[in-house]
Amino acid sequence: MKVKGGFVFRDLRTTADTLMARAGVPDVYRRALLGHKQKGMDRHYVHPDFDKDLRAAMGKYTSWLDAELEGAREAKAVNG
């Protein structure tokens, strides 16, 4: 980021993590989807099933994101 307020790749991860948290995706699945290592006891007790759990977590996130985008479109249409 050589320009104040410029873009760095990490911004995409930060934004995705923030939005998934708002969508209610649990920490362990957010970390797995973003390629982060599991923290604490998660690594011992929680083992995401990539064929089921992570797909469900991503589905929850995309459904939430679609609803947010639709709400923004509707608000723009009403407000002009």
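Refer to the structure above for everything that follows.
Nothing here was measured: the structure is a model prediction, and the numbers come from that model. (Residues numbered from 1 in each chain as written. Predicted model: local features only at pLDDT ≥ 70, side-chain atom pairs only at ≥ 80, totals over all residues. Heavy atoms only, no water.)

## A word on the overall build of the protein
In step 1: Helix and strand content of the protein: 4 helices and 0 strands.
In step 2: Starting at the N terminus and walking to the C terminus, you meet the elements of the protein as α-α-α-α.
In step 3: A buried classification covers 21% of the 80 residues belonging to the protein.
In step 4: Entry remark: accessible area of the protein is about 6300 Å², with carbon and sulfur atoms responsible for 56%. (Helix = DSSP H or I, 4+ residues; strand = E, 2+ residues; numbered from the N terminus. Buried < 20%, exposed > 50% of the residue type's maximum accessible area, 1.4 Å probe, protein only. Areas by Shrake-Rupley, 256 points an atom, 1.4 Å probe, with all protein chains shown as cover.)

## A few points about helix H2 (residues 27–34)
In step 1: Along H2, the residues classified as buried are Val28, Tyr29, Arg30, Arg31 and Leu34.
In step 2: In the segment just after H2, Gly35 is the residue with positive phi, at about 80°.

## Description of the packing of helix H1 (residues 10–23) against helix H4 (residues 53–79)
For any two helices packed against each other, one specifies the crossing angle of their axes together with the interaxial distance.
In step 1: Contact geometry of H1 with H4 gives a least axis separation of 9 Å together with a crossing angle of 90°. In terms of their interaxial angle, H1 and H4 are classed as roughly perpendicular. Together, Ala16, Leu19, Met20, Arg22 and Ala23 of H1 and Lys60, Tyr61, Trp64 and Leu65 of H4 make up the contact between the two elements.
In step 2: Tallied by class, residues from the contact of H1 with H4 come to 7 nonpolar, no polar and 2 charged. (Axes fitted to C-alpha atoms, helices over the stretch in contact; angles between N-to-C directions. Parallel < 35°, antiparallel > 145°, perpendicular 65-115°, else oblique. Contact = heavy atoms within 4.5 Å. Nonpolar A, V, L, I, M, F, W, Y, C, P; charged D, E, K, R; others polar.)

## Some thoughts on the packing of H2 against H4
In step 1: Between H2 and H4, the shortest axis-to-axis distance is 10 Å and the interhelical angle comes to 95°. Looking at the two axes, H2 sits roughly perpendicular to H4. Every residue of H4 that contacts H2 at Tyr29, Ala32 and Leu33 is listed here: Asp53, Leu54, Ala57 and Met58.
In step 2: Tallied by class, residues from the contact of H2 with H4 come to 6 nonpolar, no polar and 1 charged.

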